Amino acid sequence: MAITPAPRTASRTAPPARHAQGQSPALKTTRMKQMTERMTGSQALIRALEEVGVDTVFGIPGGAILPAYDPLFDSQKIRHILVRHEQGAGHAAQGYAQATGRVGVCMATSGPGATNLVTPIADAYMDSVPIVAITGQVASGAIGTDAFQEADISGITMPITKHNFLVTDPSEIGRTIAEAFHIASTGRPGPVLVDISKDALQNETDFTWPQPMQLPGYRPVTRPHAKQVREAARLLVEAKRPVLYVGGGVLKAGAADELRALAELTGAPVVTTLMAKGALPDSHPLHMGMPGMHGSVGAVGALQRSDLLVTLGARFDDRVTGRVDSFAPGAKVVHADIDPAEISKNRHADVPIVGDARDVLTDLVNAVRAEHAAGRKGDYEDWWRQLNAWRETYPLGYDQPEDGSLAPQYVIERIGKVVGPDALYVAGVGQHQMWTAQFIGYENPGSFINSGGLGTMGYAVPAAMGAKQGRPDTPVWAIDGDGCFQMTNQELATCAIEGIPVKVAVINNGNLGMIRQWQTLFYDGRYSNSDLQSRRIPDFVKLAEAYGCVGLRCDNAADVDATIAKAMEINDVPVVIDFVVHQDAMVWPMVAAGTGNDEIKIARDMAPDWENGD
Ligand SMILES: Cc1ncc(C[n+]2csc(CCOP(=O)(O)OP(=O)(O)O)c2C)c(N)n1
Ligand SMILES: [Mg+2]
């Protein structure tokens, strides 16, 4: 096999490179002597997981996977974290993967255990997160008979996994694990499911390691085409209004340093999507902010008026483009992505580049240098005059509630300031997620973890647990909504018992706030089923205490900093802060769903004056 991902050295601030596990065991075969030992399929599974470097598995046992839990009990290398719901195991594996750059692992039994993993698997697929999900399956002879706890999980997850396996022969377990980790972590990362029948776990086999992989059709292209890169560099120096449109692929490739080098070399403005926050420090002068539905006017305006989008590891998601037919109408497009299927999927690429973002950026920097050496340099002065005018006229901001109650944006802004940029921030889905993207201030790559593509409520607590398990020395703050928190807060029990001291700031507006915002704007204020009354029930402080955590409450601006500081002092148990905030705060700016980016509003019925600064 010739699948050799370019070895990476982690940059100072980036999470460790993502190939720590599953390093081409096939290649080692030629150099190392194979060892063979007689053992059960279950023992083979645990041994293979140890061999690929797994140190943590999140899961819950059940009948079909039970054989695997027996040798797992003896493993000196793998810590199993017993979660309270399999969805928690899946999101924890995602959080672990996002925080460390390594493959996250979750495990569940057949039927309901496996189907509870469907949401995190779909989430990992949408956000290209490398996880391996291991599920028990009913015995091979019973497959297809509607046996107790049978669900066709490989069929169910076919469209939401990068690849999946059904293993019924114990001799295939080792190789399958090697392949699963390799596929999850190379090329465009993603979830891989390994479903193993109970008899395959119970029966004996000759376990050999290393295992030669059999993936003849799988050869991700990582090296970009030199001619395409030169063409991109030529367009960049000729452009008058270029934008570096940066997506999560840049973070996954550990390419933040290379991005900064390209930005500073060219002087081109940068926008970072929700999945790319921190790829360039928010404070960097070339950073125009986040584009999209709740992006800054400067970032959205930059894309709309651009004459060249240099798209790096981004996928023209509808939340970024708005109506795609009116998106960046005057721009040529350079589109670099590791996944050829992304290129020209939503927007035609004039210059397609298939490759790893880090390699693309390195080559692009060299190609631009060559252009400069030949006397061709971009002149973006007029462009910056316009960009700066937008930035100065329409900074991100918010109003303080008139009744003296707490502004949710203020709480989040203060968490960012008091806790600082070296922490990891994990968000749920809703208004609080958008404010967490807008108001924390990210200075480091990988410091914001959230569910971007699928938008899964309930993501934050278990993902924060996984992130903290992966990076125990880093403070991990979940910023969650009261609605989201009620979906997965049972993992606080896991955190308390397993010694994973996350902080959870519940932005408690009492409502499904994002739903309420849409009902205010588009449904005449008819608040159908969006009022959770969660400032009354449940009592989040008591709930936290019931779970063995410290519970704090804060409902006024004067106490916000002290409450955050108090939470920072507690590091032996998880802390939950119930921030009781105003229910009518809204996320601005906003591009309403189904409209074009030019119709962005900075407040209700208020549009920016685009010509400002011309
Ligand atoms: C699992 C799931 N169900 C429903 C939704 C639709 N949805 C998106 S945001 C939202 C409200 C979230 O409420 P809360 O967690 O309180 O956050 P807030 O918007 O109030 O900050 C809902 C219901 C979703 N994204 N995910
Ligand atoms: Mg809410």
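Presented here is an overview of the structure given in this document. (Residues numbered from 1 in each chain as written. Chains lettered and ligands numbered in written order. Predicted model: local features only at pLDDT ≥ 70, side-chain atom pairs only at ≥ 80, totals over all residues. Heavy atoms only, no water.)

Overview of the sheet that holds strand β2 (residues 56-59)
Going by this rule: Strand pairing is assigned whenever DSSP identifies at least 2 bridges connecting the two strands. Secondary structure follows DSSP: runs of H or I at least 4 residues long count as helices, runs of E at least 2 residues long count as strands, and numbering of each begins at the N terminus. Axis definition: a line fitted to C-alpha atoms, over the contacting stretch in the case of helices. Angles run 0 to 180 degrees between N-to-C directions.
The 6 strands lie next to each other as β3-β2-β4-β5-β7-β6, forming an open sheet whose pairing is parallel. The strands lining the two open edges of the sheet, one partner per strand, are β3 (79-82) and β6 (163-167). Between one strand axis and the next, the sheet turns through 20 degrees on average, direction left out of account. Pairing of β2 with strand β4 (residues 104-108) involves 2 bridges; the strand directions are parallel. The partner of Gly59 across the bridge, within β4, is Met107.

Quick notes on the layout of surface pockets
So the rule is basically this: Put simply, the grid is 1 Å and covers the protein atoms alone, a cavity is a trapped set of points that fit a 1.4 Å probe, a pocket is an open set with protein on both sides within 12 Å along at least five of seven lines, and lining residues have an atom within 4 Å of a point. Grid points are joined across faces, edges and corners, and a volume is the space filled by probe spheres set on the points. Note on residue classes: Ala, Val, Leu, Ile, Met, Phe, Trp, Tyr, Cys and Pro are nonpolar, Asp, Glu, Lys and Arg are charged, and everything else, Gly too, is polar.
Estimated volume of the second largest pocket: approximately 600 Å³. Gly397, Tyr398, Asp399, Met586 and Trp588 are the residues nearest the centre of the second largest pocket, which is lined by 26 residues in total. If you tally residues by element for the lining of the second largest pocket, the top one is helix α18 (residues 431-439), at 3 residues. Of the residues assigned to the lining of the second largest pocket, the class counts are 15 nonpolar, 7 polar and 4 charged.

Some remarks on the packing of aromatic side chains
Counted only if it meets this: Any pair of Phe, Tyr and Trp rings, taking the six-membered ring for Trp, is counted once the centres come within 6.5 Å. Such a pair is stacked with planes under 30 degrees apart, edge-to-face with planes over 60 apart, and tilted for the rest. For each residue, the accessible area found with a 1.4 Å probe, counting protein chains only, is set against the maximum for its type, and the residue is called buried under 20%, exposed over 50%, and partly exposed in between. Throughout this description, the term charge over a ring refers to an Arg CZ or Lys NZ atom that lies within 6 Å of the ring centre and within 35 degrees of the ring normal.
What the rule picks out here adds up to 10 aromatic pairs. Ring centres 5.4 Å apart and planes at 85 degrees place the aromatic pair Tyr398 and Phe439 in the edge-to-face group. Residue Tyr398 is found in the loop between α16 (381-393) and α17 (408-419), and its partner Phe439 is found in helix α18; the two are separated by 41 residues along the sequence. The partly exposed category is assigned to Tyr398, whose relative accessible area is 22%. Among the aromatic residues, those joined into a ring-pair cluster are Tyr245, Phe316 and Phe327. Over the ring of Tyr527 we find Arg516, and its NZ or CZ is 3.9 Å from the ring centre.

What to know about the environment of Thr456
Basically, it comes down to this: Contact between two residues is taken to exist if any of their heavy atoms lie within 4.5 Å; hydrogens are not considered.
Mapped onto the elements of the fold, Thr456 is located in the loop between β15 (448-449) and α19 (460-470). Under the relative-accessibility criterion, Thr456 is labelled buried at 6%. Filtering out sequence-adjacent residues up to four positions away, Thr456 remains in contact with Gln87, His91, Thr119, Asp123, Val429 and Ser451.

Quick notes on the coordination of the magnesium ion (ligand 2)
The condition that has to hold: In this description, a donor is an N, O or S atom within 2.8 Å of the metal centre, a cutoff extended to 3.2 Å for sodium, potassium and calcium. Water is not part of the atom list, which can make sites seem incomplete.
Bound to the magnesium ion (ligand 2) are the protein donor atoms Asp482 (OD), Asn509 (OD1) and Asn511 (O), situated 2.1 Å from the metal. Positions of the donor residues of the magnesium ion (ligand 2) along the chain correspond to the pattern D-x26-N-x1-N. One end of the pair, Asp482, is in helix α20 (residues 482-488); the other, Asn511, is in the loop between β17 (503-508) and α22 (513-522), with 29 residues separating them in the sequence. We classify Asn511 as buried; its relative accessible area is 2%.

As for unusual backbone geometry
The omega torsion across Ile537 and Pro538 is -5 degrees, close enough to zero to call that bond cis. Following the sequence through the fold, Pro538 ends up in the loop between α22 and α23 (540-546). That bond from Trp588 to Pro589 is cis: its omega, -5 degrees, falls within 30 degrees of zero. Among the secondary structure elements, Pro589 is positioned in the segment after β19 (575-580). The phi dihedral of Ala328 falls on the positive side, at around 35 degrees, and the residue is not glycine. Along the chain, Ala328 turns up in the loop between α14 (318-321) and β12 (332-337).

A few points about the side chain of Thr266
Our working definition: Any pair of nitrogen or oxygen atoms within 3.5 Å is treated as a polar contact; in protein, a donor-acceptor pairing is required on top of that, and neighbouring residues in sequence qualify only through side-chain atoms on both sides.
Looking at where Thr266 falls in the secondary structure, it is placed in helix α12 (residues 256-266). A relative accessible area of 11% means that Thr266 is categorised as buried. Only 2.8 Å separates the side chain of Thr266 from the backbone oxygen of Leu262, close enough to count as a polar contact. Separated by 3.2 Å, the side chain of Thr266 and the backbone nitrogen of Ala268 make a polar contact. Ignoring any residue separated from it by four or fewer positions in sequence, one finds Thr266 in contact with Leu236, Val368 and Tyr380.

Spatial relationships are all this shows, so hold off on functional conclusions.
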